[in-house]
Amino acid sequence: MNGAAHGDAPSGDRERGDGRSRLANPLASRLSRALEAEQARWLAPLRSRLLRRVDIARRRRVLDLGAGGGTVAEELARRAAGPVVAVDVVAGEPDEADASADAARAVARVTADAVRLPFADGSFELAFCQAALLWMPLAAAAAELRRVVADTGAVLAIEPDFGGMIEHPEGAGLAQVWRAALSRAGADPLVGRKLPGALTCRCTWCQSWSRRRRHGSRCWRGCRSKRTNRERWRTP
């Protein structure tokens, strides 16, 4: 499992290719909602720790990409300083049994493709993904995240890396079977290890400036924000 601030079973039968994720039928949809809720529960300690690291209590506009039924979006709404936008390619309804009225009101649900988000540049202070990017074209989805998150914002992604599965007993061969099954379902079982590179701006200016200043910063939106970053890190 890779939780990045910058093993999961697939929740439902999904297709991947253009950034869309479709549930196969109503029964699969109900199963997916149950798995989503269970997944949210057992990832809660990790998620809570990482959300504190990105200072969610001060984030005034939050994006939950690949939100599904909105289980985690409502948690984000309770912890953030402003509204949460829950985006999924499949239109979903909130789980009334689990959602508080205040949290549900603070979540705006948008049906959209992860590689064509209908938001202006720099719209969000925090973007969150949980077991979602593995079902999306990573490069395109990451580019959209960099675009819609403000320069002072953050991206928090909790995604699996099945390449590091530990088997017991050793040599059972289940890790290879599991990775193959995920690949056939349209997922990227190694997405976790790819997150740092995907979420880092690779433009020449940002790379050279960061190495020169050694402050570890990368602009989210490429060279368009280099003036702001240059002024911020300029030596007096």
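Residues numbered from 1 in each chain as written. Predicted model: local features only at pLDDT ≥ 70, side-chain atom pairs only at ≥ 80, totals over all residues. Heavy atoms only, no water.

Caption draft 1: Fine view of the overall build of the protein chain. When its secondary structure is counted, the protein chain shows nine helices and six strands. Classification of the 236 residues of the protein chain by burial places 47% in the buried group. A total accessible area of about 12100 Å² is found for the protein chain, and carbon and sulfur atoms account for 51% of it. (Helix = DSSP H or I, 4+ residues; strand = E, 2+ residues; numbered from the N terminus. Buried < 20%, exposed > 50% of the residue type's maximum accessible area, 1.4 Å probe, protein only. Areas by Shrake-Rupley, 256 points an atom, 1.4 Å probe, with all protein chains shown as cover.)

Caption draft 2: The packing of helix α5 (residues 138–148) against helix α7 (residues 191–198), seen in detail. The contact between α5 and α7 brings their axes to 11 Å, and the two run at 45°. It follows that α5 is oblique to α7 by the angle criterion. Both α5 and α7 take part in a crossing whose hand is right-handed. Where α5 abuts α7, its residues L138, A142 and R146 lie against V191, K194, L195 and A198. A class-by-class count of the residues in the contact of α5 with α7 yields five nonpolar, no polar and two charged. (Axes fitted to C-alpha atoms, helices over the stretch in contact; angles between N-to-C directions. Parallel < 35°, antiparallel > 145°, perpendicular 65-115°, else oblique. Left-handed = near helix turned anticlockwise from the far one by under 90°. Contact = heavy atoms within 4.5 Å. Nonpolar A, V, L, I, M, F, W, Y, C, P; charged D, E, K, R; others polar.)

Caption draft 3: Examining the packing of helix α2 (residues 44–53) against helix α3 (residues 71–79) more closely. Taken N-terminus to C-terminus, the directions of α2 and α3 make an angle of 40°; their axes are 12 Å apart at the nearest point. If you check the angle between α2 and α3, you find them oblique. When the axes of α2 and α3 are compared, the crossing they make is right-handed. Only V72, E75, L76 and R79 of α3 make contact with α2, whose side of the interface consists of R47, S48, L51 and R52. Along the lines of polarity and charge, the residues of the contact of α2 with α3 split into three nonpolar, one polar and four charged.

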